[in-house]
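Overview (structure and organization)
Chain residues, written in single-letter form:
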Amino acid sequence: MFELLKVDSSSKARLGRLTTPHGVIDTPVFMSVGTQGSVKAIDPRELREMGTQIILGNTYHLSIRPGMEIIRAAGGLHSFINWPAPILTDSGGFQVFSLATIRKIQAHGVEFRSHLDGSLLFLGPKEAMAIQRELGSDIAMVFDECPAHTSTPRELRAAVERTVRWARECREQPRAPGQLVFGIVQGGTDPSLRELCARELIATGFDGYAIGGVSVGEPEPEMLRAVELAEQFLPIGQARYAMGLGTPAQLVELVARGVDIFDCVLPARVARNGTAFTRKGSISIKGGAKKADFRPIEEGCDCFACRHFTRAYLRHLLNVGEILGLRMLSVHNTRMYLRVMEDVRKAIASATFAEFRREFVANYVPTQKVLLARAAAADR
Ligand SMILES: [Zn+2]
(Lines give C-alpha, C1' and ligand atoms only; values in the text may rest on other atoms or scores of the structure.)
Protein backbone atom coordinates (compact mmCIF):
# COMPACT_ATOMS: atom_id res chain seq x y z
CA MET A 1 0.00 0.00 0.00
CA PHE A 2 2.88 2.36 0.80
CA GLU A 3 5.87 2.45 -1.48
CA LEU A 4 8.96 4.25 -0.23
CA LEU A 5 10.52 5.72 -3.38
CA LYS A 6 13.42 7.72 -1.98
CA VAL A 7 14.96 8.88 1.31
CA ASP A 8 16.78 12.21 1.42
CA SER A 9 20.50 12.01 2.18
CA SER A 10 20.58 15.14 4.38
CA SER A 11 17.57 14.36 6.58
CA LYS A 12 14.82 11.81 7.14
CA ALA A 13 12.64 13.32 4.38
CA ARG A 14 10.96 10.67 2.27
CA LEU A 15 9.30 10.47 -1.11
CA GLY A 16 6.52 7.90 -1.26
CA ARG A 17 3.33 6.68 -2.84
CA LEU A 18 0.28 5.50 -0.91
CA THR A 19 -2.32 3.41 -2.74
CA THR A 20 -5.91 3.61 -1.51
CA PRO A 21 -9.27 2.41 -2.91
CA HIS A 22 -9.99 5.88 -4.38
CA GLY A 23 -6.57 6.57 -5.83
CA VAL A 24 -2.84 6.88 -5.38
CA ILE A 25 -1.40 9.66 -3.19
CA ASP A 26 2.06 11.13 -3.67
CA THR A 27 3.75 11.85 -0.35
CA PRO A 28 4.68 14.04 1.47
CA VAL A 29 1.09 15.22 1.20
CA PHE A 30 -1.10 17.87 2.78
CA MET A 31 -4.73 16.92 3.48
CA SER A 32 -7.33 19.66 3.43
CA VAL A 33 -9.65 19.48 6.39
CA GLY A 34 -13.30 18.81 5.58
CA THR A 35 -14.59 18.42 9.12
CA GLN A 36 -18.30 18.72 8.30
CA GLY A 37 -18.11 17.07 4.88
CA SER A 38 -16.88 20.22 3.16
CA VAL A 39 -13.51 21.94 2.92
CA LYS A 40 -14.63 25.33 4.16
CA ALA A 41 -15.53 27.72 1.31
CA ILE A 42 -13.97 25.58 -1.47
CA ASP A 43 -15.89 23.23 -3.76
CA PRO A 44 -14.66 19.80 -4.94
CA ARG A 45 -13.93 20.99 -8.49
CA GLU A 46 -11.66 23.77 -7.17
CA LEU A 47 -9.97 21.36 -4.78
CA ARG A 48 -9.18 18.93 -7.59
CA GLU A 49 -7.99 21.74 -9.90
CA MET A 50 -5.56 23.01 -7.28
CA GLY A 51 -4.07 19.55 -6.80
CA THR A 52 -5.78 18.24 -3.65
CA GLN A 53 -5.07 14.52 -3.39
CA ILE A 54 -6.93 13.64 -0.19
CA ILE A 55 -9.25 15.31 2.29
CA LEU A 56 -10.05 14.61 5.92
CA GLY A 57 -13.55 13.90 7.20
CA ASN A 58 -14.67 13.77 10.78
CA THR A 59 -16.36 10.86 12.50
CA TYR A 60 -17.60 12.77 15.54
CA HIS A 61 -19.15 15.69 13.66
CA LEU A 62 -20.60 13.69 10.74
CA SER A 63 -22.12 11.06 13.00
CA ILE A 64 -23.92 13.78 14.98
CA ARG A 65 -24.91 15.82 11.90
CA PRO A 66 -26.30 14.80 9.43
CA GLY A 67 -26.12 11.41 11.19
CA MET A 68 -25.21 8.02 9.79
CA GLU A 69 -28.71 7.24 8.58
CA ILE A 70 -28.43 9.99 5.95
CA ILE A 71 -24.87 9.17 4.90
CA ARG A 72 -25.71 5.46 4.70
CA ALA A 73 -28.72 6.23 2.49
CA ALA A 74 -26.51 8.43 0.29
CA GLY A 75 -24.18 5.46 -0.26
CA GLY A 76 -21.28 6.61 1.91
CA LEU A 77 -19.32 9.81 2.40
CA HIS A 78 -17.68 9.97 -1.07
CA SER A 79 -21.03 9.95 -2.81
CA PHE A 80 -22.78 12.14 -0.21
CA ILE A 81 -20.26 14.97 -0.65
CA ASN A 82 -19.42 14.17 -4.30
CA TRP A 83 -15.69 13.74 -3.71
CA PRO A 84 -14.19 11.06 -5.96
CA ALA A 85 -10.67 10.97 -4.48
CA PRO A 86 -9.29 9.53 -1.21
CA ILE A 87 -10.70 10.47 2.19
CA LEU A 88 -9.15 9.91 5.60
CA THR A 89 -11.50 9.93 8.56
CA ASP A 90 -10.41 10.55 12.10
CA SER A 91 -11.94 8.42 14.80
CA GLY A 92 -13.66 11.09 16.86
CA GLY A 93 -11.37 10.50 19.83
CA PHE A 94 -9.84 13.96 19.62
CA GLN A 95 -13.26 15.68 19.58
CA VAL A 96 -14.72 13.55 22.37
CA PHE A 97 -11.82 14.55 24.58
CA SER A 98 -11.68 18.21 23.49
CA LEU A 99 -15.25 19.30 22.60
CA ALA A 100 -17.73 17.10 24.40
CA THR A 101 -18.56 16.99 28.08
CA ILE A 102 -17.29 13.61 29.19
CA ARG A 103 -19.53 11.73 31.53
CA LYS A 104 -17.52 8.62 32.06
CA ILE A 105 -14.49 6.91 30.53
CA GLN A 106 -15.29 3.20 30.44
CA ALA A 107 -13.38 0.08 29.46
CA HIS A 108 -14.74 0.08 25.90
CA GLY A 109 -15.19 3.77 25.20
CA VAL A 110 -16.44 7.10 26.42
CA GLU A 111 -19.88 8.22 27.47
CA PHE A 112 -20.26 11.89 26.66
CA ARG A 113 -22.70 14.66 25.98
CA SER A 114 -22.89 16.10 22.46
CA HIS A 115 -21.37 19.61 22.25
CA LEU A 116 -24.41 20.52 20.15
CA ASP A 117 -27.54 19.61 22.09
CA GLY A 118 -26.26 17.84 25.18
CA SER A 119 -27.67 14.45 24.17
CA LEU A 120 -25.99 11.44 25.75
CA LEU A 121 -23.76 9.51 23.31
CA PHE A 122 -21.20 6.72 23.45
CA LEU A 123 -18.11 6.32 21.30
CA GLY A 124 -15.47 3.64 21.61
CA PRO A 125 -13.25 1.57 19.33
CA LYS A 126 -16.12 -0.57 18.08
CA GLU A 127 -18.44 2.37 17.39
CA ALA A 128 -15.72 4.54 15.80
CA MET A 129 -14.70 1.76 13.41
CA ALA A 130 -18.34 0.96 12.53
CA ILE A 131 -18.99 4.62 11.65
CA GLN A 132 -15.80 4.84 9.57
CA ARG A 133 -16.74 1.61 7.79
CA GLU A 134 -20.10 3.12 6.85
CA LEU A 135 -18.53 6.42 5.84
CA GLY A 136 -16.38 4.28 3.54
CA SER A 137 -13.20 6.30 4.04
CA ASP A 138 -9.98 5.14 2.41
CA ILE A 139 -8.03 5.51 5.63
CA ALA A 140 -9.64 5.01 9.04
CA MET A 141 -7.99 6.05 12.30
CA VAL A 142 -8.10 4.08 15.53
CA PHE A 143 -10.06 5.48 18.47
CA ASP A 144 -7.48 6.95 20.84
CA GLU A 145 -7.25 9.18 23.88
CA CYS A 146 -5.51 12.46 23.14
CA PRO A 147 -4.52 14.01 26.48
CA ALA A 148 -3.92 17.73 26.97
CA HIS A 149 -0.27 18.83 26.97
CA THR A 150 -0.73 19.88 30.59
CA SER A 151 -1.55 16.29 31.66
CA THR A 152 0.25 14.75 34.63
CA PRO A 153 2.61 11.79 34.02
CA ARG A 154 -0.03 9.53 35.51
CA GLU A 155 -2.73 10.82 33.15
CA LEU A 156 -0.35 10.43 30.21
CA ARG A 157 0.37 6.82 31.10
CA ALA A 158 -3.33 6.01 31.52
CA ALA A 159 -4.03 7.59 28.11
CA VAL A 160 -1.31 5.49 26.47
CA GLU A 161 -2.57 2.29 28.08
CA ARG A 162 -6.12 2.98 26.94
CA THR A 163 -4.94 4.00 23.46
CA VAL A 164 -3.05 0.71 23.07
CA ARG A 165 -5.96 -1.37 24.32
CA TRP A 166 -8.47 0.47 22.16
CA ALA A 167 -6.17 0.19 19.12
CA ARG A 168 -6.17 -3.61 19.47
CA GLU A 169 -9.96 -3.56 19.65
CA CYS A 170 -10.12 -1.36 16.52
CA ARG A 171 -7.83 -3.78 14.69
CA GLU A 172 -10.37 -6.58 15.22
CA GLN A 173 -13.32 -4.69 13.73
CA PRO A 174 -14.59 -5.24 10.18
CA ARG A 175 -13.57 -2.61 7.60
CA ALA A 176 -14.92 -1.15 4.39
CA PRO A 177 -13.47 -2.88 1.26
CA GLY A 178 -9.80 -1.93 0.91
CA GLN A 179 -9.94 0.48 3.87
CA LEU A 180 -6.57 1.11 5.52
CA VAL A 181 -6.36 1.54 9.29
CA PHE A 182 -3.71 3.69 10.99
CA GLY A 183 -2.65 3.39 14.64
CA ILE A 184 -2.00 6.56 16.68
CA VAL A 185 1.09 6.93 18.87
CA GLN A 186 0.41 8.95 22.02
CA GLY A 187 2.66 9.62 25.02
CA GLY A 188 3.27 13.37 25.09
CA THR A 189 6.94 14.26 25.53
CA ASP A 190 7.70 11.23 27.69
CA PRO A 191 10.27 9.17 25.75
CA SER A 192 9.41 5.89 27.47
CA LEU A 193 5.68 6.30 26.89
CA ARG A 194 6.16 7.22 23.22
CA GLU A 195 8.33 4.12 22.82
CA LEU A 196 5.92 1.87 24.68
CA CYS A 197 2.97 3.11 22.63
CA ALA A 198 4.79 2.81 19.29
CA ARG A 199 6.08 -0.71 20.04
CA GLU A 200 2.68 -1.99 21.17
CA LEU A 201 0.95 -0.55 18.10
CA ILE A 202 3.55 -1.96 15.73
CA ALA A 203 3.18 -5.38 17.39
CA THR A 204 -0.58 -5.13 16.79
CA GLY A 205 0.12 -4.24 13.17
CA PHE A 206 -1.43 -1.34 11.27
CA ASP A 207 -1.29 -0.08 7.67
CA GLY A 208 0.31 3.18 8.78
CA TYR A 209 1.06 5.14 11.95
CA ALA A 210 0.05 8.56 13.13
CA ILE A 211 1.72 10.73 15.73
CA GLY A 212 -1.01 12.13 17.96
CA GLY A 213 -1.00 14.34 21.02
CA VAL A 214 0.69 17.11 19.06
CA SER A 215 -1.03 20.38 18.14
CA VAL A 216 -2.73 20.44 21.52
CA GLY A 217 -1.44 23.86 22.54
CA GLU A 218 2.15 22.88 23.25
CA PRO A 219 5.08 25.14 22.29
CA GLU A 220 6.86 24.34 19.01
CA PRO A 221 10.05 22.77 20.44
CA GLU A 222 7.89 20.39 22.48
CA MET A 223 5.88 19.48 19.37
CA LEU A 224 9.02 18.74 17.34
CA ARG A 225 10.43 16.68 20.17
CA ALA A 226 7.23 14.63 20.52
CA VAL A 227 7.34 13.84 16.79
CA GLU A 228 11.01 12.84 16.96
CA LEU A 229 10.38 10.63 20.00
CA ALA A 230 7.64 8.71 18.20
CA GLU A 231 9.13 8.67 14.70
CA GLN A 232 12.31 6.79 15.61
CA PHE A 233 10.31 3.63 16.39
CA LEU A 234 8.06 3.66 13.33
CA PRO A 235 8.61 1.14 10.51
CA ILE A 236 10.48 2.67 7.54
CA GLY A 237 8.21 0.99 5.01
CA GLN A 238 4.92 2.46 6.22
CA ALA A 239 3.30 5.87 6.01
CA ARG A 240 3.60 8.32 8.93
CA TYR A 241 1.02 10.99 9.65
CA ALA A 242 1.50 13.92 12.08
CA MET A 243 -1.97 14.92 13.19
CA GLY A 244 -3.20 18.53 13.11
CA LEU A 245 0.06 20.23 12.06
CA GLY A 246 1.20 22.94 11.30
CA THR A 247 2.47 26.20 9.74
CA PRO A 248 4.15 25.92 6.31
CA ALA A 249 7.64 26.12 7.88
CA GLN A 250 6.70 23.49 10.48
CA LEU A 251 5.54 21.17 7.69
CA VAL A 252 8.92 21.46 5.97
CA GLU A 253 10.70 20.74 9.29
CA LEU A 254 8.43 17.75 9.94
CA VAL A 255 9.06 16.35 6.46
CA ALA A 256 12.76 16.54 7.37
CA ARG A 257 11.92 14.45 10.46
CA GLY A 258 10.37 11.67 8.40
CA VAL A 259 6.66 12.58 8.30
CA ASP A 260 4.66 11.82 5.13
CA ILE A 261 1.11 13.05 5.79
CA PHE A 262 -0.28 16.26 7.30
CA ASP A 263 -3.59 17.91 7.99
CA CYS A 264 -4.19 21.34 9.41
CA VAL A 265 -7.08 23.75 9.86
CA LEU A 266 -4.79 26.80 9.62
CA PRO A 267 -5.31 27.64 5.89
CA ALA A 268 -9.07 27.93 6.46
CA ARG A 269 -8.88 29.41 9.93
CA VAL A 270 -6.52 32.28 9.11
CA ALA A 271 -8.51 33.00 5.93
CA ARG A 272 -11.48 33.72 8.17
CA ASN A 273 -9.34 36.34 9.94
CA GLY A 274 -8.45 37.95 6.61
CA THR A 275 -4.91 36.54 6.70
CA ALA A 276 -2.95 34.89 3.88
CA PHE A 277 0.01 32.53 4.01
CA THR A 278 3.04 33.34 1.87
CA ARG A 279 6.53 31.92 1.77
CA LYS A 280 7.69 34.85 3.88
CA GLY A 281 5.11 34.18 6.58
CA SER A 282 1.49 35.20 7.00
CA ILE A 283 0.24 38.64 6.00
CA SER A 284 -2.97 40.43 6.88
CA ILE A 285 -4.92 41.25 3.71
CA LYS A 286 -7.92 42.63 5.58
CA GLY A 287 -5.83 44.92 7.75
CA GLY A 288 -3.31 45.64 4.97
CA ALA A 289 -1.53 48.93 5.46
CA LYS A 290 -2.06 50.09 1.89
CA LYS A 291 -5.55 50.42 0.44
CA ALA A 292 -4.10 50.75 -3.06
CA ASP A 293 -1.92 47.63 -3.10
CA PHE A 294 -2.48 46.25 -6.58
CA ARG A 295 -0.13 43.30 -6.25
CA PRO A 296 -1.49 39.74 -5.99
CA ILE A 297 -1.49 38.11 -2.54
CA GLU A 298 1.79 36.41 -3.44
CA GLU A 299 3.98 37.00 -6.50
CA GLY A 300 4.45 33.78 -8.42
CA CYS A 301 1.46 31.99 -6.90
CA ASP A 302 -0.61 30.15 -9.52
CA CYS A 303 -3.88 30.03 -7.54
CA PHE A 304 -7.08 31.49 -8.98
CA ALA A 305 -7.08 34.39 -6.51
CA CYS A 306 -3.53 35.47 -7.32
CA ARG A 307 -4.07 35.13 -11.06
CA HIS A 308 -7.22 37.26 -11.06
CA PHE A 309 -7.40 39.64 -8.09
CA THR A 310 -5.33 42.25 -6.28
CA ARG A 311 -4.75 42.67 -2.55
CA ALA A 312 -6.63 45.97 -2.74
CA TYR A 313 -9.75 44.31 -4.13
CA LEU A 314 -9.61 41.36 -1.70
CA ARG A 315 -9.09 43.78 1.19
CA HIS A 316 -12.21 45.66 0.07
CA LEU A 317 -14.24 42.42 -0.16
CA LEU A 318 -13.15 41.35 3.32
CA ASN A 319 -13.91 44.74 4.82
CA VAL A 320 -17.44 44.87 3.41
CA GLY A 321 -18.06 41.24 4.36
CA GLU A 322 -18.42 39.85 0.83
CA ILE A 323 -18.20 36.03 0.75
CA LEU A 324 -15.89 36.13 -2.27
CA GLY A 325 -13.10 37.64 -0.17
CA LEU A 326 -13.12 34.74 2.30
CA ARG A 327 -13.41 32.25 -0.56
CA MET A 328 -10.41 33.67 -2.40
CA LEU A 329 -8.22 33.72 0.73
CA SER A 330 -9.20 30.10 1.40
CA VAL A 331 -8.33 29.17 -2.20
CA HIS A 332 -4.95 30.91 -1.95
CA ASN A 333 -4.05 29.46 1.47
CA THR A 334 -4.97 25.93 0.46
CA ARG A 335 -3.10 26.14 -2.84
CA MET A 336 -0.13 27.62 -0.95
CA TYR A 337 0.06 24.55 1.32
CA LEU A 338 -0.34 22.17 -1.62
CA ARG A 339 2.35 23.99 -3.59
CA VAL A 340 4.79 23.80 -0.67
CA MET A 341 4.26 20.03 -0.61
CA GLU A 342 4.71 19.83 -4.41
CA ASP A 343 8.00 21.71 -4.09
CA VAL A 344 9.05 19.48 -1.19
CA ARG A 345 8.43 16.39 -3.33
CA LYS A 346 10.36 17.90 -6.27
CA ALA A 347 13.25 18.82 -3.98
CA ILE A 348 13.50 15.32 -2.48
CA ALA A 349 13.31 13.77 -5.97
CA SER A 350 16.08 16.00 -7.30
CA ALA A 351 18.25 15.65 -4.17
CA THR A 352 18.01 19.38 -3.37
CA PHE A 353 15.87 19.12 -0.22
CA ALA A 354 18.63 20.34 2.13
CA GLU A 355 18.92 23.57 0.16
CA PHE A 356 15.14 23.94 -0.17
CA ARG A 357 14.65 23.44 3.56
CA ARG A 358 17.37 25.92 4.53
CA GLU A 359 15.97 28.62 2.25
CA PHE A 360 12.36 28.01 3.15
CA VAL A 361 12.89 28.14 6.88
CA ALA A 362 15.20 31.18 6.62
CA ASN A 363 12.61 33.15 4.57
CA TYR A 364 9.58 32.18 6.61
CA VAL A 365 8.86 34.51 9.51
CA PRO A 366 6.18 32.99 11.74
CA THR A 367 3.70 35.25 13.48
CA GLN A 368 2.74 34.56 17.06
CA LYS A 369 -0.93 34.97 16.26
CA VAL A 370 -0.84 32.13 13.74
CA LEU A 371 1.14 29.86 16.06
CA LEU A 372 -1.49 30.39 18.73
CA ALA A 373 -4.39 29.83 16.31
CA ARG A 374 -3.10 26.31 15.76
CA ALA A 375 -4.11 25.24 19.23
CA ALA A 376 -7.84 25.95 19.07
CA ALA A 377 -9.85 22.80 18.52
CA ALA A 378 -13.27 24.05 17.47
CA ASP A 379 -13.18 23.26 13.76
CA ARG A 380 -11.57 19.87 13.69
ZN1 LIG B 1 -2.35 32.58 -4.53
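Cut-offs used in this document
Residues numbered from 1 in each chain as written. Predicted model: local features only at pLDDT ≥ 70, side-chain atom pairs only at ≥ 80, totals over all residues. Heavy atoms only, no water. Pairing = 2+ DSSP bridges. Helix = DSSP H or I, 4+ residues; strand = E, 2+ residues; numbered from the N terminus. Axes fitted to C-alpha atoms, helices over the stretch in contact; angles between N-to-C directions. Expected span 1.5 Å × (residues − 1). Buried < 20%, exposed > 50% of the residue type's maximum accessible area, 1.4 Å probe, protein only. Arc of directions from axis to C-beta. Contact = heavy atoms within 4.5 Å. Right-handed = clockwise from strand over helix to strand, strands pointing away.

1. Side note on the sheet that holds strand β9 (residues 120-123)
Pairing within the open sheet is antiparallel, and its 3 strands lie in the order β7-β8-β9. Every other strand in the sheet has two partners, leaving β7 (101-106) and β9 as the edge strands with one partner each. Put simply, the sheet's adjacent strands are angled 20° from each other on average, direction ignored.

2. Thoughts on helix α7 (residues 191-204)
The end-to-end C-alpha distance of α7 is 20 Å, a good match for the 20 Å that 14 residues give at a rise of 1.5 Å each. Here α7 has its buried residues at Leu193, Arg194, Cys197, Ala198 and Leu201. Down the axis of α7, the buried side of the element spans an arc of 130°, and every buried residue falls inside it. On the buried face of α7, the contacting elements are α6 (153-172), β11 (180-185), β12 (208-211) and α8 (220-231). Phi turns positive one or two residues past the end of α7, at Gly205, with a value near 90°.

3. Some words on the pairing of β12
Burial of β12 is two-sided: the residues Gly208 and Ala210 facing one way and the residues Tyr209 and Ile211 facing the other way are all buried. Two strands pair when backbone bridges link them, and β11 and β12 are joined in this way by 4 bridges, in the parallel orientation. Residue pairing in the sheet places Val185 in a bridge with Ile211 of β12. Handedness of the β-α-β unit built from β11, α7 and β12 comes out right-handed. Running through α8, the crossover from β12 to the neighbouring parallel element strand β13 (residues 239-242) is right-handed.

4. Considerations on the sheet that holds strand β3 (residues 23-27)
The strands making up a sheet associate through hydrogen bonds between their backbones, and the pairing can be parallel or antiparallel. Taken together, 3 strands build an open sheet; the order of strands is β1-β2-β3 and the sheet is antiparallel. A strand with exactly one partner marks an edge of an open sheet, and here the two such strands are β1 (2-7) and β3. When the angles between neighbouring strand axes are averaged without regard to direction, this sheet yields 15°. One ladder, built from 5 bridges, connects strand β2 (residues 14-20) with β3; its direction is antiparallel. When the bridges of β3 are listed, Arg17 appears paired with Asp26. Sitting on the sheet, helix α13 (residues 323-349) touches β1, β2 and β3, and the angle it makes with β2 is about 120°.

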